[in-house]
Amino acid sequence: MKRAWLAWLLCLPALAAVTVQDDAGKAVQLAQPAQRIVSLSPHATELLYAIGAGGKLVGRDGASDYPQAAARLPAVGLYGAFNVESIVALRPDLVVAWEGPQAGQATARLRELGIVVYASQPARVSAIPAAMRDLGKLAGLAGQADLAAQQFESAWRSLEQRYAGSAILRVVPQVGHEPAMTVNDQQFVAAVFRACGTRNPFGTERAAVPLLSAESLLAMRPDAVVALADPAAAEQWLGQWRRLPFKPAYLSVEPDTLGRPGPRLLAAATALCSKLDTLRRATPAKID
C-alpha cells in the first residue's frame, strides 16, 4: 500500500511548490502551479497562450488583443491605470505584469494583499524563451513551455545565421512621432534590426530613445528608415522626411508584432529582414 501511495504521489509533479526568479530579480514562489492567472501586459498574454496556458487566464489588461480569445477575457485597466479591486475580484493565484513607474503602485498593492506577482520585462530576445520556461513552471506546464521555447530559440538562431555574413545596412528604426525618436542599441527592438544585418547610426547614443530630426538624418544618411507604426500612422511619421535631399528607403512594420517581446516577433522579424535584404541587393550598403 505504501508503495502504491508513493507511486501516486510521484505522478503528481504539477502539485509541487515552484519557485522562479522574475525579471525584477525577485523570487516568485507558488505552493502549487497557478490555476487562475491575470496578465497585465500584452506580451505576457501572448506568451501564456503560446505555452498552452491560455485556459488558465481569467483576466487581462485592456491592450491584450491577441490571440482573439484574449479579447474575450475581462479587462482590468491599462498600463498605469489598473483597477486593483477588479483584479482581486478575479481571485488570481498569479499576476504577470510589466512593472515600471506607472504600474508599480498597483503591483505593490497586489503583493500587500498576498497575491503573487511575476514581473515579466524581457530586455533581450534571449529573454523571451526564458520567460516561456518560467511561466511554464508557474503554470504547471513546464514540458510544453520548454518545447515552445526550444522552437523559438531554433528559429531565432536560423534567422541570425541567415544574415550574419550580409553587407551591413544603415537602418534607423523610428519608434515615435512628435517628437520623432529612434532607439539606442541597448533597447529590445534593436536586437531585431541587428539580426537583419543592419546598424543604427544612432545606436551608440546614451539616450535610450534618441531624438530624430531632418538635420540628424541628413548627417547620418541612412539606407532606410523603418517606422514601427500602423500603416496610416507610418505614412504620417515618414512623410516628414520625404523632402530630404537624399532618398533613403521608407518602410513600416506593425508595432504589436515587432515591438512586443512575444512569440509573434519571429514572423515579424523574418518579414522585416526579407524586406531589408531586398533593399540590400538593390542598393550597395554603406559599410563603416
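In what follows, the structure referred to is the one given above.
As a starting point, this report considers the structure included with it. (Residues numbered from 1 in each chain as written. Predicted model: local features only at pLDDT ≥ 70, side-chain atom pairs only at ≥ 80, totals over all residues. Heavy atoms only, no water.)

## Examining the overall build of the protein
Logical step 1: Secondary structure summary: the protein contains 11 helices and 12 strands in total.
Logical step 2: The proportion of buried residues among the 288 residues of the protein is 48%.
Logical step 3: Considering only intrachain contacts with a sequence separation of at least 6, the fraction spanning at least 24 residues in the protein is 61%.
Logical step 4: A total of about 14100 Å² of accessible surface is found on the protein, and carbon and sulfur atoms cover 55% of it.
Logical step 5: Computed over 29 positive and 24 negative side-chain charges, the inter-centroid distance for the protein is 5 Å. (Helix = DSSP H or I, 4+ residues; strand = E, 2+ residues; numbered from the N terminus. Buried < 20%, exposed > 50% of the residue type's maximum accessible area, 1.4 Å probe, protein only. Contact = heavy atoms within 4.5 Å. Areas by Shrake-Rupley, 256 points an atom, 1.4 Å probe, with all protein chains shown as cover. Lys, Arg positive; Asp, Glu negative; His and termini not counted. Charge placed at Lys NZ, Arg CZ, Asp CG, Glu CD.)

## Remarks on the pattern of salt bridges
When the charged atoms of two side chains with opposite charge come close together, those side chains can pair.
Logical step 1: Going through the model one piece at a time under the given rule, you end up with 11 salt bridges.
Logical step 2: The salt bridge involving Glu99 is made with Arg111; its shortest N-O contact spans 2.9 Å. With a gap of 12 residues between them, Glu99 in the loop between strand E7 (94-97) and helix H4 (104-112) and Arg111 in helix H4 connect regions that are remote in the sequence.
Logical step 3: The shortest N-O distance in the salt bridge between Arg280 and Asp277 comes to 2.8 Å. Here Arg280 and its partner Asp277 are both found in helix H11 (residues 265-282), 3 residues apart, which amounts to about one turn of the helix. (Salt bridge = Lys/Arg side-chain N within 4 Å of Asp/Glu carboxyl O.)

## Quick look at the sheet that holds strand E8 (residues 117-119)
Logical step 1: With respect to topology, 4 strands assemble into an open sheet ordered E4-E3-E7-E8, the strand pairing being parallel. Strand pairing shows two members of the sheet lacking a second neighbour, strand E4 (57-60) and E8, which therefore form its edges. Recorded for the sheet is a direction-independent mean angle of 20° between the axes of neighbouring strands.
Logical step 2: Against the sheet, helix H5 (residues 127-138) makes contact with E7 and E8, and its axis sits at roughly 170° relative to E8, the strand it touches most. (Pairing = 2+ DSSP bridges. Axes fitted to C-alpha atoms, helices over the stretch in contact; angles between N-to-C directions.)

## Digging into the state of the cysteines
Logical step 1: Inspection of the entire model under this criterion finds 1 disulfide.
Logical step 2: Between the sulfur of Cys196 and that of Cys273 lies a disulfide, 2.0 Å long from S to S. Linking Cys196 and Cys273, the disulfide has an S-S dihedral of approximately -80° and is accordingly described as left-handed. Of this pair, Cys196 sits in the loop between helix H7 (188-195) and strand E10 (198-199) while Cys273 sits in helix H11, and the two are 77 residues apart along the sequence. (Disulfide = S-S within 2.5 Å.)

## Overview of the nonpolar core
Logical step 1: Core analysis: the largest hydrophobic core is formed by 56 residues, its most contacted members being Trp156, Leu258 and Leu265.
Logical step 2: At 8 residues, the largest contribution of residues to this core is made by H11.
Logical step 3: When near neighbours in sequence (up to four residues on either side) are disregarded, Leu265 contacts Val125, Ile128, Phe152, Trp156, Phe188, Val192, Thr257, Leu258 and Arg260.
Logical step 4: Formed by 16 residues, the second largest nonpolar core is a distinct cluster that contains Leu212, Leu217, Ala233 and Tyr250. (Core = buried A, V, L, I, M, F, W, Y, C linked by side-chain atoms within 4.5 Å.)

## Focus: the pairing of E7
Remember that side chains alternate between the two faces of the sheet whenever the strand is regular.
Logical step 1: Burial of the side chains of E7 extends over both faces: Leu94 and Val96 are buried on one face and Val95 and Ala97 on the other.
Logical step 2: With 4 bridges joining them, strand E3 (residues 37-40) and E7 adopt parallel strand pairing. Bridge pairing in E7 links Val38 to Val95.
Logical step 3: Pairing analysis gives 3 bridges linking E7 to E8, with the strands arranged parallel. From the neighbouring strand, Val96 faces E8, where its bridge partner is Tyr118.

## Considerations on the packing of aromatic side chains
Logical step 1: In this structure the tally under the stated criterion is 1 aromatic pair.
Logical step 2: Between Arg264 and the ring centre of Tyr66, over which it is positioned, the NZ or CZ distance is 3.8 Å. (Phe/Tyr/Trp six-rings, centres within 6.5 Å; stacked < 30°, edge-to-face > 60°. Lys NZ or Arg CZ within 6 Å of the ring centre and 35° of its normal.)

Function cannot be inferred from these measures alone, as they are strictly geometric.
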